[in-house]
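Understanding the architecture of this molecule
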There are 2 protein chains.
Amino acid sequence: MNRFFVPPESINGTRVVFPDEIADQIRLVLRLKEEDQVCVLDNSGKAYRVSLRYANEKNPFGEIIGEMPVEAEPLIPIISFIPLTKREKFEWMLQKCTEVGASCIVPTISERCLIREVRDLDSKMERWQKIVREAAEQSGRGILPSLKIPLNFSSAVQTPDSNTLKLFFWEEEKDLPIYRVYRSLGEKPNSITIMTGPEGGFSSEEAALAKQNGWHIVTLGKRILRAETAALAALLLTIYESERDEI
Amino acid sequence: MNRFFVPPESINGTRVVFPDEIADQIRLVLRLKEEDQVCVLDNSGKAYRVSLRYANEKNPFGEIIGEMPVEAEPLIPIISFIPLTKREKFEWMLQKCTEVGASCIVPTISERCLIREVRDLDSKMERWQKIVREAAEQSGRGILPSLKIPLNFSSAVQTPDSNTLKLFFWEEEKDLPIYRVYRSLGEKPNSITIMTGPEGGFSSEEAALAKQNGWHIVTLGKRILRAETAALAALLLTIYESERDEI
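A brief look at the structure comes next. This is a predicted model, so every value here is computed, not measured.

1. Quick look at the nonpolar core
Counting 80 residues, the largest nonpolar core has Leu94 and Leu167 of chain A together with Leu94 and Leu167 of chain B as its most contacted members. Each residue touching leucine 94 of chain A, except ones within four places of it in the same chain, is listed here: Ile82, Ile105, Trp128, Ile131, Val132 and Leu147 of chain A. Within the second largest apolar cluster, 16 residues are counted, among which are Phe4, Val6, Ile26 and Ile64 of chain A.

Spelled out as structure tokens, the structure:
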């Protein structure tokens with residue numbers, strides 16, 4: 001069943017008024033017909049089974065006919081700091097991090113990032129949001145990851161949340177895998193914040209600064225991963241570890 | 001340091017004669033000079049520190065000046081059955097599975113695969129081998145994953161190795177994660193064989209056939225992953241689990 005995230009104001013009682021972009025997708029791309037069913041999500045964690053109606057041949061709307069379970073959210077929120085890099089790789093990271101389960105994605109500009117400033121931020125954010133939304137719809141997410149504007153490393157590393165477990169993945173660290181950090185905790189964290197580096201990796205100064213700011217410096221394993229693979233691998237393993245024995 | 005896999009016959013005593021393609025890369029792409037150093041791998045798990053020489057300006061060769069440690073191989077071999085699919089996604093899977101640590105990659109044609117036969121297999125295998133080699137060089141692998149010719153599902157599922165742990169990742173299975181299978185084993189397996197499905201997933205008949213053939217039917221978690229993400233995620237989590245407490 002096709003899934004669509006809509007803004008809360010699109011839902012009025014049992015009536016769903018689709019934003020133009022989604023209405024076009026329903027009518028022109030998917031060619032769905034009267035009484036076809038779709039899943040509509042309001043980004044509060046609720047999902048509705050919706051039957052399609054056409055006011056006229058150009059304007060589909062929806063009637064809510066029931067609630068649907070949303071079971072695909074991770075047990076605890078994971079905030080992913082990912083390196084800003086060239087378009088194709090960055091957008092791939094956005095898509096994959098959403099698919100795999102990030103709750104929040106923060107593009108980060110560190111010392112060795114290939115991209116050091118963002119031009120046309122508004123239009124880029126719009127494009128990036130769309131990638132996140134489509135990936136969330138495809139992967140069965142119940143909540144859209146929140147996408148933040150790009151941060152410089154020095155701000156990113158000082159993330160003030162004191163109640164989160166902070167994991168800094170650094171290829172120079174060889175000995176400390178995620179599970180050892182996890183095992184050393186007295187209790188399960190309320191959230192986990194992870195950060196992976198750009199193509200050239202993090203510098204020693206950056207790793208030292210992270211450590212000063214309470215990040216655990218951890219390894220992803222023995223192989224050298226590309227920046228985009230590392231972002232995905234760190235998130236996958238973190239979620240796997242956090243859901244261990246609870247799924 | 002740049003890394004190159006060469007055929008064993010390229011190494012003669014302390015002299016390395018590069019295949020044309022690698023010689024061109026050294027001279028024209030990387031523009032390496034006399035006495036620059038590279039790492040040469042003979043695919044037996046050995047790595048050599050090699051100093052470059054030029055017989056004339058067109059023909060670089062190498063002098064072995066020492067051995068180098070290779071530490072990036074997984075502790076136990078992992079055989080990955082991945083779905084044959086459209087070119088871009090398939091080649092992405094080859095690259096990522098190599099990077100993350102597969103020992104052997106088997107393209108598999110199952111019921112819902114988008115690609116059901118391979119034309120020009122020889123030229124495709126050559127292209128795929130090159131993708132695997134480059135990914136292995138970049139990620140610090142010490143041994144090239146062996147790439148098999150595509151198999152039909154019915155052959156793939158009957159893989160005769162009785163001494164391997166077989167994990168079949170199926171999105172209809174919701175309850176059994178890798179770590180529970182791992183925990184139920186009396187001892188560590190000698191190798192692990194994993195299989196993930198194509199865009200449309202595996203059919204119930206395929207899952208039943210896998211079960212009959214001794215595969216454990218396992219879940220990758222609650223989110224619906226794309227075929228290519230699933231191939232990578234299954235491999236990453238399997239290696240992570242197999243190296244737990246040993247790295």
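Read on, since the account is not over.
2. Some points on helix H7 (residues 227-243) of chain A
Residue and element names in this part refer to chain A. Relative to the 24 Å expected for 17 residues at 1.5 Å per residue, H7 spans 25 Å between its end C-alpha atoms, a close match to the ideal helical length. Summarising burial for H7: 17 of the 17 residues are buried, a large majority. Just downstream of H7 lies aspartate 245, where phi reads positive at about 65 degrees.

3. A short note on the relation of the copies chain A and chain B
The two copies are related by a screw operation: chain A maps onto chain B through 180 degrees of rotation and 0.0 Å of translation along the axis, at an RMSD of 0.0 Å. The symmetry that links the two subunits is that of a two-fold axis. In terms of proximity to the rotation axis, the leading residue of chain A is leucine 237 of chain A, whose C-alpha is 3.4 Å off the axis. Most of the interface of chain A is mirrored in chain B: 100% of its interface residues are interface residues there too.

4. Looking at the state of the cysteines
What the rule picks out here adds up to 0 disulfides over all chains. Between cysteine 104 of chain A, a cysteine without a disulfide, and cysteine 97 of chain A, which holds the nearest cysteine sulfur, the sulfur-to-sulfur distance is 11 Å.

Conventions and cut-offs
Residues numbered from 1 in each chain as written. Chains lettered and ligands numbered in written order. Predicted model: local features only at pLDDT ≥ 70, side-chain atom pairs only at ≥ 80, totals over all residues. Heavy atoms only, no water. Core = buried A, V, L, I, M, F, W, Y, C linked by side-chain atoms within 4.5 Å. Buried < 20%, exposed > 50% of the residue type's maximum accessible area, 1.4 Å probe, protein only. Contact = heavy atoms within 4.5 Å. Helix = DSSP H or I, 4+ residues; strand = E, 2+ residues; numbered from the N terminus. Expected span 1.5 Å × (residues − 1). Least-squares fit on C-alpha atoms with pLDDT ≥ 70 in both. Disulfide = S-S within 2.5 Å.

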